[in-house]
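The primary structure of each chain is shown beneath.
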Amino acid sequence: MTGTFRNAPQVSQAERGQPFRIVVAAKDAAALTERGFVLTDCTIANLATAQSRNGWRDYVCELSAFGNEAVQRQFEAALGERPAVLCGSAELAIGAWQRGKSAQ
């Protein structure tokens, strides 16, 4: 799927409206579509390889483990969904994140 960086104070002017790609479990696609995400073919989204998919999962799971509730709300404002939700969906789709062992 593809999301866009939101018009939030945490997002630079240059990044606002720019796309970013996410990997999600099929069961979560409808709910994320309602939040403004768009279904995107993994090959078009540059997520065709296991390494790139694992890299996304590791990135978003690291975000979900960072900071307190206020920080998590800021990430949600920037991304359009809480990192923990995106992390959980990515884990369902491609496997569990191993903290400290980034695929990037």
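Residues numbered from 1 in each chain as written. Predicted model: local features only at pLDDT ≥ 70, side-chain atom pairs only at ≥ 80, totals over all residues. Heavy atoms only, no water.

1. What about the packing of aromatic side chains?
Aromatic rings considered in pairs are described by the distance between their centres and by the relative angle of their planes.
Item 1. Enumeration according to the criterion identifies 4 aromatic pairs in this entry.
Item 2. Plain terms: the ring middles of Phe-20 and Phe-37 are 6.1 Å apart, the flat faces sit at 85 degrees to each other, and that makes the pair edge-to-face. Linking Phe-20 in strand E2 (residues 19-21) with Phe-37 in the loop between helix H1 (29-34) and helix H2 (50-64), this pair joins segments that are 17 residues apart in sequence.
Item 3. By relative accessible area, which is 8% here, Phe-20 ends up buried.
Item 4. Ring geometry for Trp-56 and Tyr-59: centres 5.9 Å apart, planes at 45 degrees, overall tilted. Placement of both Trp-56 and Tyr-59 in helix H2 is noted, with a separation of 3 residues, approximately one turn of the helix.
Item 5. Among the aromatic residues, those joined into a cluster by ring pairs are Phe-5, Phe-20 and Phe-37.
Item 6. Lying across the ring of Phe-37, Arg-6 places its NZ or CZ 5.5 Å from the centre. (Phe/Tyr/Trp six-rings, centres within 6.5 Å; stacked < 30°, edge-to-face > 60°. Helix = DSSP H or I, 4+ residues; strand = E, 2+ residues; numbered from the N terminus. Buried < 20%, exposed > 50% of the residue type's maximum accessible area, 1.4 Å probe, protein only. Lys NZ or Arg CZ within 6 Å of the ring centre and 35° of its normal.)

2. Let's talk about H2
Item 1. Spanning 15 residues, H2 covers 21 Å between terminal C-alpha atoms, matching the ideal 21 Å at 1.5 Å per step.
Item 2. Taken as a whole, H2 has its buried residues at Gly-55, Trp-56, Arg-57, Asp-58, Val-60, Cys-61 and Leu-63.
Item 3. In this structure, the buried residues of H2 make contact with E2, helix H3 (69-79) and helix H4 (83-94). (Expected span 1.5 Å × (residues − 1). Contact = heavy atoms within 4.5 Å.)

3. Quick look at the confidence of the model for the protein
If pLDDT is low for a region, its predicted coordinates should not be looked at in detail.
Item 1. Across the protein, pLDDT averages 91, with 96% of residues at or above 70.
Item 2. Within the protein, the element-level pLDDT minimum falls on E2, averaging 91, and the maximum on H1, averaging 96. (pLDDT = per-residue confidence, 0-100.)

4. Quick word on the pattern of salt bridges
Item 1. Overall, the coordinates contain 7 salt bridges when judged by the stated rule.
Item 2. A salt bridge links Asp-28 to Lys-27; its shortest N-O distance comes to 2.9 Å.
Item 3. Of the residues examined, Asp-28 reaches a relative accessible area of 16% and is grouped as buried.
Item 4. One salt bridge connects Arg-73 with Glu-69, and the closest N-O pair in it is separated by 3.6 Å. Note that Arg-73 and Glu-69 are positioned in helix H3 at a spacing of 4 residues, about one turn of the helix.
Item 5. Judged by its relative accessible area of 42%, Glu-69 falls in the partly exposed class.
Item 6. By sharing partners, the salt bridges in this structure join Arg-35, Glu-69, Arg-73, Glu-76, Glu-81 and Arg-82 into a single network. (Salt bridge = Lys/Arg side-chain N within 4 Å of Asp/Glu carboxyl O.)

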